[in-house]
Amino acid sequence: MSEKSKTVRLPNKVEALIPIVFLLTLMITNYALGWGQDPHIPVTLACGVAMIVGKLCGYNYKEMLAAGLEAVNQSLEAIIIILLVGCLIGSFTACGTIPAVVYYGLKLFTPAIFLPFVTILCAAVGIALGSAWTVTATLGIAFMAIGTTMGLNPALIAGAILSGACCGDKFSPLSDSTNLAAGSAQTGLFDHVGAMVTTTFPSLVISICIFAFFSLSKVQNYDPTLANELSAAIIDHYTYMSPILLIPILLIVVVAVIKMPAIPSVVLLALVGCAFAAIFQGAGISDCITMLHYGYTAESENALFMKLVNRGGMNSMLWTNNLVIVAVAFGGILQKIGSVESLLGGLIKKVKTPFQLVVVTILTSMFCITTMCDQYLGLIIPSSMYKKNFDEMGLGRNMLSRSLEDGGTLWSPLIPWSSCGAYHSAVLGVPTLSYLPYCFMNIINPIYAIITVSWGGNILYADGSRTNLFGKLKKGHGPADAPEEAHEMAMKALAERRSAGIYKSI
């Protein structure tokens, strides 16, 4: 029988699990034995294992390769944006904008509200940096040292740091995971960021209140040495330090409000950073080109300052993009051979309401991160699985992207054998399972998202209308970006459901 005429079939549950178990075994072994290896090669090998399973099920190599490449093609815009975000981070660091956020944030420090302050500042810096990893490696280390002098539980401090850092990472247009979530769901970057306000911001407020209670009841004393040394290092290095340098951060809000397309907005903001670097820090054209490509570099005796500013540049995003490419391809191959459909297909068929769809999307993101050990897969695979379901229910693609982050990005730091969990644990010096109960933001956000949608709150429809927290329907500001065919399908489904009285009409 020729390869072309060979009958294809859905893998059984054992076959479907083989690529996932293979990857999980490699990643947990890497974690348990302390190899310290990056996930790129394990994911690449898992692609090969998935292809072998696909071959057994009747698929040929070209079909599976095409599926992997098509998945990468759908994420290509996000990949380009991630590269450009590296340029943006380099320019914002060179002009002093990111250090200014840290400097003025530390000036507002009040020991009596240490934990909520840590959460708020880490969130603010996370938005400015677009990286929870960098926040924990800079402010996180400083706050761990400061907090322990107050007699606070290190796990509680780590929870406050990660609650803020992960929230800021989610909201930041500079974040790779934020861009990937929007790209995977094929919606606009700022449509996605705006959608997260409905679930992420209230969760942050609740978390801050909890940390305020712990802070007021447990803080004993305060040693400002580390904070003062970091502030002094920033002042010593930069020629000019003023609140004026915060203007580029405000411009991020402006381009989000006017819904400027992601790629032009990131390029524009990077050029603004270059202009500020030239005007306020004396950078030349050659300096700007260098830091856009390779990032900003500085010398200092302060180790925390070095970690804060020696970063950015297009080159710095190649590690992330390499992983995104192989992870997206893995998800595409799994989708093609029907691995995920075999495991979760019965569950998908039972989904009939927005509430059920949000629950399944969030839980699938958590499942992918827990079993595949990487947050990118927790965004990519559920997106490819449930895009059509969101369209068939007349929902906005930004509701899909929001749900991916509610369950995906925030869950990753809580898994000891994931790349995020292992990294944050090593940097902060606290075991993952120790800080897990205190990551209130990470725990509350998915619960809040599920509870509110259960009574019809925070639902985003394909025509741009939405319900508020209490389920009251509002017009909104226009539909979120989506592929034309998908948008037409969603609008038709929305009209049918409103005509049938399933959804409220405006």
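An account of the accompanying structure is given in this report. Quantities reported herein were computed from a predicted structural model and do not represent experimental measurements. (Residues numbered from 1 in each chain as written. Predicted model: local features only at pLDDT ≥ 70, side-chain atom pairs only at ≥ 80, totals over all residues. Heavy atoms only, no water.)

**Some details on the overall build of the protein chain**
Thought 1: Along the protein chain, the regular secondary structure elements total 24 helices and two strands.
Thought 2: Relative to a compact globule of 506 residues, whose C-alpha radius of gyration would be 23 Å, the protein chain shows 23 Å and is just as compact.
Thought 3: Along the three orthogonal principal directions, the C-alpha set of the protein chain runs to about 75 × 55 × 50 Å.
Thought 4: Split into buried and exposed, the 506 residues of the protein chain put 58% on the buried side.
Thought 5: Put simply, of all contacts in the protein chain between residues at least 6 apart along the chain, 76% involve residues at least 24 apart.
Thought 6: The protein chain carries 28 positive and 27 negative side-chain charges, and their two centres are separated by 12 Å. (Helix = DSSP H or I, 4+ residues; strand = E, 2+ residues; numbered from the N terminus. Rg over C-alpha atoms; globule rule 2.2 N^0.38 Å. Buried < 20%, exposed > 50% of the residue type's maximum accessible area, 1.4 Å probe, protein only. Contact = heavy atoms within 4.5 Å. Lys, Arg positive; Asp, Glu negative; His and termini not counted. Charge placed at Lys NZ, Arg CZ, Asp CG, Glu CD.)

**Thoughts on the packing of aromatic side chains**
Thought 1: Tallied over the full model, the rule gives 14 aromatic pairs.
Thought 2: Ring plane angle 55 degrees and centroid distance 6.4 Å describe the contact between Trp-133 and Trp-319, whose orientation is recorded as tilted. Here Trp-133, found in helix α7 (residues 132-149), pairs with Trp-319, found in helix α16 (residues 318-337); they are 186 residues apart in sequence, far enough to count as distant.
Thought 3: The partly exposed category is assigned to Trp-319, whose relative accessible area is 32%.
Thought 4: Here a set of aromatic residues connected by ring pairs shows up, and it is made of Phe-211, Phe-213, Phe-214, Tyr-438 and Phe-440.
Thought 5: Positioned above the aromatic ring of Tyr-461, the side-chain terminus of Arg-498 is 5.0 Å from the ring centre. (Phe/Tyr/Trp six-rings, centres within 6.5 Å; stacked < 30°, edge-to-face > 60°. Lys NZ or Arg CZ within 6 Å of the ring centre and 35° of its normal.)

**Some points on the environment of Glu-77**
Thought 1: Within the secondary structure, Glu-77 sits in helix α4 (residues 76-94).
Thought 2: Separated by 133 residues in sequence, Glu-77 and Ile-210 place their C-alpha atoms 39 Å apart.

**Some thoughts on the side chain of Arg-498**
Thought 1: Note on placement: Arg-498 falls in helix α24 (residues 484-499).
Thought 2: For Arg-498, a relative accessible area of 15% gives the class buried.
Thought 3: Polar side-chain contacts of Arg-498 include one of 2.9 Å to the backbone oxygen of Lys-504.
Thought 4: In contact with Arg-498, other than residues within four places in its own chain, are Tyr-461, Asp-463, Ser-465, Leu-473, Tyr-503, Lys-504 and Ser-505. (Polar contact = N/O pair within 3.5 Å; in protein donor to acceptor, adjacent residues only side chain to side chain.)

**Regarding the packing of helix α1 (residues 13-32) against helix α17 (residues 339-349)**
Thought 1: Orientation of α1 relative to α17, taken along the N-to-C sense of each, is 120 degrees, at an axis distance of 8 Å. Taken together, the axis directions place α1 and α17 in an arrangement best described as oblique. In this structure, α1 meets α17 at a crossing whose hand is left-handed. Across from Lys-13, Ala-16, Leu-17 and Ile-20 in α1, the residues of α17 making contact are Ser-339, Ser-342 and Leu-343.
Thought 2: Residues belonging to the contact of α1 with α17 are distributed by class as follows: four nonpolar, two polar and one charged. (Axes fitted to C-alpha atoms, helices over the stretch in contact; angles between N-to-C directions. Parallel < 35°, antiparallel > 145°, perpendicular 65-115°, else oblique. Left-handed = near helix turned anticlockwise from the far one by under 90°. Nonpolar A, V, L, I, M, F, W, Y, C, P; charged D, E, K, R; others polar.)

**Some remarks on unusual backbone geometry**
Thought 1: A positive phi angle, near 55 degrees, is found at Gln-186, a position not held by glycine.
Thought 2: By secondary structure assignment, the location of Gln-186 is in the loop between α9 (176-185) and α10 (189-218).
Thought 3: Gln-186 sits in the partly exposed class, given a relative accessible area of 26%.

**Re a nonpolar patch on the surface**
Thought 1: The grouping of Val-253, Val-254, Val-257 and Ile-258 at the surface amounts to a nonpolar patch, some 380 Å² of accessible area in total.
Thought 2: Among the secondary structure elements, Val-257 is positioned in helix α12 (residues 247-257). (Patch = residues over 30% accessible without salt bridge, like charges linked within 9 Å, V, L, I, M, F, W, Y side chains within 5 Å. Areas by Shrake-Rupley, 256 points an atom, 1.4 Å probe, with all protein chains shown as cover. Salt bridge = Lys/Arg side-chain N within 4 Å of Asp/Glu carboxyl O.)

**Side note on the nonpolar core**
Thought 1: If you look at the biggest cluster of nonpolar residues, it comprises 154 residues, and the most contacted ones within it are Phe-114, Phe-143, Ile-234, Phe-330, Met-372 and Leu-395.
Thought 2: Broken down by element, the residue count for this core peaks at eleven residues, all from helix α8 (residues 154-171).
Thought 3: Sequence-distant contacts of Met-372, defined by excluding residues within four places in its chain, comprise Ile-20, Leu-23, Met-27, Phe-330, Leu-334, Phe-367, Leu-377 and Ile-381. (Core = buried A, V, L, I, M, F, W, Y, C linked by side-chain atoms within 4.5 Å.)

**So, the pattern of salt bridges**
Thought 1: Per the stated rule, a full pass over the model turns up five salt bridges.
Thought 2: Asp-406 is the partner of Arg-402 in a salt bridge, and the nearest nitrogen-oxygen pair spans 3.9 Å. One end of the pair, Arg-402, and the other, Asp-406, are both in helix α20 (residues 397-407), four residues apart, so they sit about a helical turn from each other.
Thought 3: Judged by its relative accessible area of 0%, Arg-402 is buried.
Thought 4: Overall, Asp-406 belongs to the buried group, its relative accessible area being 1%.
Thought 5: Here Asp-463 and Arg-498 are joined by a salt bridge, their closest N and O atoms 2.9 Å apart. With Asp-463 in the loop between α23 (440-454) and β1 (466-467) and Arg-498 in helix α24, the pair connects residues that are 35 residues apart, well separated along the chain.
Thought 6: The exposure class of Asp-463 is partly exposed, given its relative accessible area of 23%.
Thought 7: Here the residues in one salt-bridge network are Lys-170, Arg-402 and Asp-406, joined through shared partners.

**Here's the deal with the packing of α4 against α16**
Thought 1: Interhelical geometry of α4 versus α16 gives an angle of 170 degrees and a closest axis separation of 9 Å. Relative to α16, the element α4 lies roughly antiparallel. On the side of α4, the interface is formed by Ile-79, Ile-82 and Leu-83, while α16 contributes Leu-318, Thr-320, Asn-321, Val-324 and Ile-325.
Thought 2: Along the lines of polarity and charge, the residues of the contact of α4 with α16 split into six nonpolar, two polar and no charged.

**Things to note about helix α19 (residues 375-392)**
Thought 1: Taking 1.5 Å of rise per residue, the 18 residues of α19 would be expected to cover 26 Å, and the 26 Å separating its terminal C-alpha atoms lies within 8% of that figure.
Thought 2: Its maximal kink placed at Tyr-386, α19 deviates by approximately 45 degrees.
Thought 3: Among the 18 residues of α19, 15 are classified as buried, and the element is accordingly described as predominantly covered.
Thought 4: Just past α19, the residue Gly-394 takes up positive phi, approximately 75 degrees. (Expected span 1.5 Å × (residues − 1). Bend = angle between axes of the 7 residues up to and from the residue.)

**Quick word on the environment of Met-385**
Thought 1: With respect to the helices, strands and loops of the structure, Met-385 is situated in helix α19.
Thought 2: Using a relative accessible area of 9% as the deciding quantity, one classes Met-385 as buried.
Thought 3: Between the C-alpha atoms of Met-385 and Thr-361, which are 24 residues apart in sequence, the distance is 8.8 Å.
Thought 4: Not counting residues up to four positions away in its chain, the partners in contact with Met-385 are Gln-335, Val-340, Leu-344, Ile-348 and Thr-364.

**A few points about the side chain of Ser-215**
Thought 1: Residue placement: Ser-215 occurs in helix α10.
Thought 2: Leave out the neighbours within four places in its chain, and Ser-215 touches Pro-111, Ala-112, Ile-113, Phe-114, Leu-115 and Pro-116.

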